Amino acid sequence: MKKLLLVAVSALALSGCCSECKAPAEGGAEPVVYAINNLSHYYDFHADWGFKRQYLNGGEDKYTTGWSCIYNTDLSNANMLMLFNCDDRLPYVEKDINKIKAFLKEGGSLMILSNGTSTSQNALAEEFGASFVEGVTAPLTAAEKYATAPEVVMKGSTRHHLTLKKPSKWTVAVTDAEGNPMLAYTKKGKGKVLVGVRGLLGDNTDDIYDTINREMWHRVWRDVVRGGKSIDPEKGLQHQYIECVENKIQQDGLDITYNDYLAPCAEAMFQIAKKTMPVVEGIMGVPLSSNMGSKIVLIPTAGGGYSAGEVIALAVWWGDFPNREDSMIEFITHESVHSWVLPWAEIWNEPIATYVGYLAMMELGHNEEAERRLANTIRQATKLDPEFNLYDVDGKSWKRGVEDVSRDQLYGIHWGKSMWIFEQLRAENPDWVADYYKAKRQLAGTEQITALDANNTVALVSVAMGRDMFPWFRSIGFDVKRSKAEIKF
Ligand SMILES: [Zn+2]
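Residues numbered from 1 in each chain as written. Predicted model: local features only at pLDDT ≥ 70, side-chain atom pairs only at ≥ 80, totals over all residues.

Undergrad: Before we go on, may I ask you to explain the sheet that holds strand β4 (residues 109-114) in this structure?
TA: What holds strands together in a sheet is hydrogen bonding between their backbones, with the strands either parallel or antiparallel. Across the sheet, eight strands lie side by side as β2-β1-β3-β4-β10-β9-β8-β6; this open sheet has mixed pairing. In the strand order of this sheet, the two ends are held by β2 (62-66) and β6 (141-142), each with one partner. Its contacts with the sheet place helix α4 (residues 94-105) against β3 (80-83), β4, β9 (181-188) and β10 (191-197), and it is angled at close to 120° to β10. Along the sheet, helix α5 (residues 119-127) makes contact with β4 and β10, crossing β4 at roughly 140°. (Pairing = 2+ DSSP bridges. Helix = DSSP H or I, 4+ residues; strand = E, 2+ residues; numbered from the N terminus. Contact = placed C-beta atoms within 7 Å. Axes fitted to C-alpha atoms, helices over the stretch in contact; angles between N-to-C directions.)

Here is the structure:
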């Protein structure tokens, strides 16, 4: 009697509410999730930058991303492998499937998510008796034990539901209004396979509140790993970032890392980077700071990249590469300029990165396309600030009777006005970018200034242009003063 009572009390304390006072179905303490999200077949920004913070950031759960091929991923102390999607240009290979099956056999669990559009992801789900089929009817409902809120939230892009080969073998956690499964799991080997639509998870990397269905997911994940592979909390979860990725080209000052699946793209990426980087250095007038942007990692997506100081991640299919090269030149330049400008980001950090990208495109034979993109961007600001004398690049106005721009107009002003300014400077001094960065390296170290604000920026532009630019910047809407700049010239 005493024992039973203790179990009931501790289960209550763990769940923190009264709705589920039962002891865990298969006994023992609440299981913890040690998950690896493998990004080698598809780079999902949210999986890399938002998911951990939003969904697996507390308690004893652990989460990391895996960058090497699935068959080379260290799953030794993980109990769940997560696959958010698969690009059809890189379908799963036999070695991946074998690795996954061995993991399930030893009690590991697999989570397959899909937005329904990937044939390869569907094929993987079918391997385990589930498939993604078009059609979904709101609202969604969670099974009683997973119902943590009145309604299950579904992202607008969700268009698919699941069909299950042997429905009786599956536990369905979420259904749509017509009773179609949206999230379900089944036993495989000593582990389980969980299949669901991607839209049940948040996908906004920047929004910490985009944690839709969080409690529901936690209950599902716990039940999926329950009774499966045990993990060693002493050992923790092995961090498996790019240092584990299989291949590297180190040549001509470049250091490009890529997984086996991306080997066919690597040579073209190397060639375009080799052609672009010296041009960027010419435009910037100074070499990259040591250790900055020195490692390029190729990521399997068409959807962007990032710069994290030392590492630049590049989408291998950006702008229809390798069929077209113009956007890839702009993109490589953009990401590397983010590293180049450090230690201080610019007041126009995104526009300057793209602007240098346009200049690189011009030098590499894509003049017309670069001019077209520049003109389009500037046009966005012309609509709001026809004489270019109302706002600074943050949409602020210090003119009497002129309101600051609204939030949805800010993008147009920020990009358009910045580009317009750059073009005015280039008309007077074709090498202004190089002269600006030479000045910045000399006069704007972390010991020399406390911030690179608009005043210090205009001081550096003045040095680059060889004349006091404060009056001009004031005339085009900037509330700047030479006396407020830490940089003296
Ligand atoms: Zn950027």
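Undergrad: Could you clarify how one ought to interpret the sheet that holds strand β12 (residues 254-258) in this entry?
TA: Spatial strand order, β11-β12-β13-β15-β14: five strands in an open sheet with mixed pairing. A single partner strand is all that each edge strand has here, and the edge strands are β11 (247-251) and β14 (306-308). This sheet shows a mean twist of 20° between the axes of neighbouring strands, independent of strand direction. Against the sheet, helix α7 (residues 263-284) engages β11, β12, β13 (295-299) and β15 (311-315), with an angle of about 155° to β12. Along the sheet face, helix α8 (residues 326-340) touches β14 and β15 and points at about 160° away from the line of β15.

Undergrad: Can you help me understand the packing of α7 against α8 in this one?
TA: In helix packing, the relevant descriptors are the interaxial angle and the interaxial distance, both defined with respect to the helix axes. Between α7 and α8, whose axes approach to 10 Å, the crossing angle comes to 50°. Considering the angle they form, α7 stands oblique to α8. Of the two elements, α7 crosses α8, and the hand of that crossing is right-handed. Only Met 328, Ile 329, Ile 332, Thr 333, Ser 336, Val 337 and Trp 340 of α8 make contact with α7, whose side of the interface consists of Ile 272, Ala 273, Thr 276, Met 277, Val 280 and Met 284. Of the residues that constitute the contact of α7 with α8, the class distribution is 10 nonpolar, three polar and no charged. (Parallel < 35°, antiparallel > 145°, perpendicular 65-115°, else oblique. Left-handed = near helix turned anticlockwise from the far one by under 90°. Nonpolar A, V, L, I, M, F, W, Y, C, P; charged D, E, K, R; others polar.)

Undergrad: Would you mind going over the environment of Gly 285 with me for this structure?
TA: Position of Gly 285 relative to the elements: it lies in the loop between α7 and β13. Here the alpha-carbon distance between Gly 285 and Ser 168, two residues 117 residues apart in the chain, equals 67 Å. Excluding its chain neighbours within four sequence positions, the residues that come into contact with Gly 285 are Val 433, Ala 434, Asp 435, Tyr 437 and Lys 438.

Undergrad: I would appreciate a short explanation of the nonpolar core in the present structure.
TA: For soluble globular proteins, the rule of thumb is that nonpolar side chains tend to be buried together. In this structure, Leu 81, Leu 314, Val 356 and Val 458 are the most contacted members of the largest nonpolar core, which totals 138 residues. Per-element accounting of this core gives the leading share, eight residues, to helix α9 (residues 349-363). Excluding residues that lie within four positions of it along the chain, Val 356 makes contacts with Val 280, Ile 283, Met 284, Thr 333, Val 337 and Val 433. (Core = buried A, V, L, I, M, F, W, Y, C linked by C-beta atoms within 7 Å. Buried ≥ 20, exposed ≤ 12 C-beta atoms within 10 Å, placed from the backbone.)

Undergrad: Just checking my understanding: could you explain α8 for this structure?
TA: Residues spaced three or four apart along an α-helix point in a common direction, a consequence of the helix completing one turn every 3.6 residues. Taking 1.5 Å of rise per residue, the 15 residues of α8 would be expected to cover 21 Å, and the 21 Å separating its terminal C-alpha atoms lies within 8% of that figure. For α8, the tally of buried residues reaches 14 of 15 residues, placing the bulk of the element in the interior. (Expected span 1.5 Å × (residues − 1).)

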